[in-house]
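Structure at a glance
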Amino acid sequence: MLLSFAVFLLLLLLGMPVVFAIGIGGLVFFLTQPGLQLTMPVQLALAETQNFSLLAIPTFILASNLMNELGVTRRLLRFAHVVTGFMRGGLAQVSVLLGFLMGGVSGSAIADATMQARLLGPEMVRRGYSRGFIAALQGFSGLLAVAIPPSIGLILYGSIGQVSIGQLFAGGIGVGVLLAAVYMLTVALLARSRGYLPEAAPPTAKEVGAALRESFFAVLFPFLLLAALRFGVFVPSEVGAAAVVYALLVGLIYRELSLERVNRALAHSVRDVGMVALLISMAAVLGYGMKWEMFPQKVSAFLLEAVQNPQVALLLILLALLVLGTVLDSTVMIILLTPILVPAAKALGIDLVYFGVLMVMTCAVGLLTPPVGLSMYSVCSVMGCSIGEYVREGWPLLVATLLVLLLVYLFPGVVLFLPRLLFGGGV
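Report follows, based on the coordinates. Only a predicted model underlies this, so the values are computations on that prediction, with no experimental measurement involved.

**Describing the overall build of the protein**
In terms of regular secondary structure, the protein is built from 20 helices and zero strands. Relative to the compact-globule value of 22 Å for 427 residues, the protein shows a C-alpha radius of gyration of 21 Å, a close match. Its C-alpha atoms give the protein principal-axis dimensions of about 70 × 45 × 40 Å. Here the protein, with 427 residues, has 53% of them falling under the buried criterion. Total accessible area computed for the protein in this model is approximately 18000 Å², and 70% of it derives from carbon and sulfur atoms. For the protein, the distance from the average position of its 22 positive side-chain charges to the average position of its 17 negative side-chain charges is 7 Å.

If you want it as structure tokens, here you go:
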């Protein structure tokens, strides 16, 4: 197994696409095991894509792309501008609130960050914001999509680790609200020190009500998901399909439903689903090697023997994830590490909903840190700024993110309050 990991890391360092590096690393394991048939990697890759619990992923991705195409984003932007535009650094505050609201539509941090940089970036440059600050702000605002339902990261963790997706969605909301509040406080402090001004006068109740009515069906989306899961109306694989129908109805209500837009959403969804499905199938090949070598059991045994305190063990796991996130994509980490870490967390007596939300959020931080931060490169490319400028301007937001993760680690109730309230307990 060590040889497989070494091959995987070597190919990654040589610049090979990560999905092929994972697949080749898994194939090396089978080549070194004479007792295993070489037909197994193909069978494993195909069998993993037939996993019924993973059916929620393509349907949620399609629902997200449909809502983006059918006028939801523009209405959410107007609502965010009305509610926060009067604050210091108005457009920056709009970015944070839009990231929070868009999290319930897209489920993808990279997609949100890129969209917001394109949507708000040019106007923020005209208003005197530096390009590095805009890139960092949009990148970290996109991170809110990882916490707010329907987060693709939480769906992956729940599907692979056999943890309630409904409870994970509920737990993510608490973290998303806290993260958005801390980002807004950070932006307010930076705006005051840098002289960023408000964009508009304080709104009247009538203006807020009008903006809310216009975006009501989009804002309602994550709450409907939770209600459908809580009351057993749908199982996770079904609620994704219901979300697609809901997205089409929203487009019909907004009078923006057209064949061209639906075709665009389908095209984007095929690309996104293909990428995730290929990652999952290749990870199954490498994952079988981990199971064959009893890697999850060995990790659990090591943690139980070396660290008696579950909170200390959890801290060590989170620190390791932060380091790994600097070189591995968060989706890859979730797919590869969930089968290893869920048994370890269970053996340590850590609530799997609490652990899952913390794990997924910690993995996602790597999207915004050098040297392999995909969101970081995306927003820097859109804004035309260097990585150095991004890091100089964005470090307060990174500190704010790590502070929130620390608070969630110290106070599990931030994650577990809503799941216990809605579902009657953790996993």
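**Looking at the nonpolar core**
Across soluble globular proteins, nonpolar side chains have a tendency to be buried as a group. Within the largest apolar cluster, 146 residues are counted, with the highest numbers of intra-cluster contacts made by Leu-143, Tyr-157, Tyr-183, Leu-321, Phe-355, Met-361 and Tyr-390. No other element matches helix H10 (residues 165-194), which puts 14 residues into this core. When residues no more than four places from it in sequence are discounted, the contact partners of Met-361 are Leu-143, Val-146, Ala-147, Val-175, Leu-179 and Leu-405.

**Comments concerning unusual backbone geometry**
Trans is the common state for peptide bonds, and a negative phi is the common state for residues other than glycine. For Gln-162, which is not a glycine, the phi torsion comes out positive at approximately 55°. You can see Gln-162 is positioned in the loop between helix H9 (152-161) and H10. Look at Arg-255: it is not a glycine, yet its phi comes out positive at around 60°. Relative to the elements of secondary structure, Arg-255 occurs in the loop between helix H12 (236-253) and helix H13 (259-292).

**Things to note about the environment of Gly-23**
Here Gly-23 is to be found in helix H2 (residues 18-31). You can call Gly-23 buried: its relative accessible area is 13%. Sequence separation of Gly-23 and Ser-281 is 258 residues, and the distance between their C-alpha atoms is 8.4 Å.

**Let's talk about H12**
Taking 1.5 Å as the rise per residue, H12 with 18 residues should run 26 Å; its terminal C-alpha atoms sit 25 Å apart, in good agreement. If you check which residues of H12 are buried, you get Ser-237, Val-239, Gly-240, Ala-243, Val-244, Tyr-246, Ala-247, Val-250 and Gly-251. All buried residues of H12 fall inside an arc of 165° around its axis, so they share one side. Directly after H12, the chain includes Arg-255, whose backbone phi takes a positive value near 60°.

**Some words on a nonpolar patch on the surface**
Taken together, the side chains of Val-245, Leu-248, Leu-249, Leu-252, Ile-253 and Leu-257 make up a nonpolar region of the molecular surface, amounting to roughly 510 Å² of accessible area. Take Leu-257: it is sitting in the loop between H12 and H13.

**Remarks on helix H8 (residues 131-142)**
For H8, spanning twelve residues, the distance from its first C-alpha to its last is 17 Å, which sits close to the expected 16 Å at 1.5 Å a residue. Of all the twelve residues making up H8, eleven are buried; the element is thus mostly covered by neighbouring parts of the structure. Buried within H8 we find Gly-132, Phe-133, Ile-134, Ala-135, Ala-136, Leu-137, Gln-138, Gly-139, Phe-140, Ser-141 and Gly-142.

**Quick word on the packing of H9 against H10**
Running from amino to carboxyl end, H9 crosses H10 at an angle of 145°, the nearest separation of the two axes being 9 Å. Handedness of the H9/H10 crossing: right-handed. Along the contact surface, H9 presents Leu-154, Ile-155, Tyr-157, Gly-158 and Ser-159, while H10 presents Ile-165, Leu-168, Phe-169 and Gly-172.

**A closer look at the state of the cysteines**
With the rule as written, the count across this model stands at zero disulfides. Between Cys-380, a free cysteine, and Cys-385, which holds the nearest cysteine sulfur, the sulfur-to-sulfur gap is 3.8 Å. With a relative accessible area of 5%, Cys-380 lands in the buried category.

**Details of the pattern of salt bridges**
In total, this model carries eight salt bridges according to the counting rule given. Glu-69 is the partner of Arg-264 in a salt bridge, and the nearest nitrogen-oxygen pair spans 2.9 Å. Taken together, the residues span a long stretch of sequence, with Arg-264 in helix H13 and Glu-69 in helix H4 (residues 56-69) at a distance of 195 residues. For Arg-264, a relative accessible area of 33% corresponds to the partly exposed category. Under the relative-accessibility criterion, Glu-69 is labelled buried at 16%.

Definitions and limits used
- Residues numbered from 1 in each chain as written.
- Predicted model: local features only at pLDDT ≥ 70, side-chain atom pairs only at ≥ 80, totals over all residues.
- Heavy atoms only, no water.
- Helix = DSSP H or I, 4+ residues; strand = E, 2+ residues; numbered from the N terminus.
- Rg over C-alpha atoms; globule rule 2.2 N^0.38 Å.
- Buried < 20%, exposed > 50% of the residue type's maximum accessible area, 1.4 Å probe, protein only.
- Areas by Shrake-Rupley, 256 points an atom, 1.4 Å probe, with all protein chains shown as cover.
- Lys, Arg positive; Asp, Glu negative; His and termini not counted.
- Charge placed at Lys NZ, Arg CZ, Asp CG, Glu CD.
- Core = buried A, V, L, I, M, F, W, Y, C linked by side-chain atoms within 4.5 Å.
- Contact = heavy atoms within 4.5 Å.
- Expected span 1.5 Å × (residues − 1).
- Arc of directions from axis to C-beta.
- Patch = residues over 30% accessible without salt bridge, like charges linked within 9 Å, V, L, I, M, F, W, Y side chains within 5 Å.
- Salt bridge = Lys/Arg side-chain N within 4 Å of Asp/Glu carboxyl O.
- Axes fitted to C-alpha atoms, helices over the stretch in contact; angles between N-to-C directions.
- Left-handed = near helix turned anticlockwise from the far one by under 90°.
- Disulfide = S-S within 2.5 Å.

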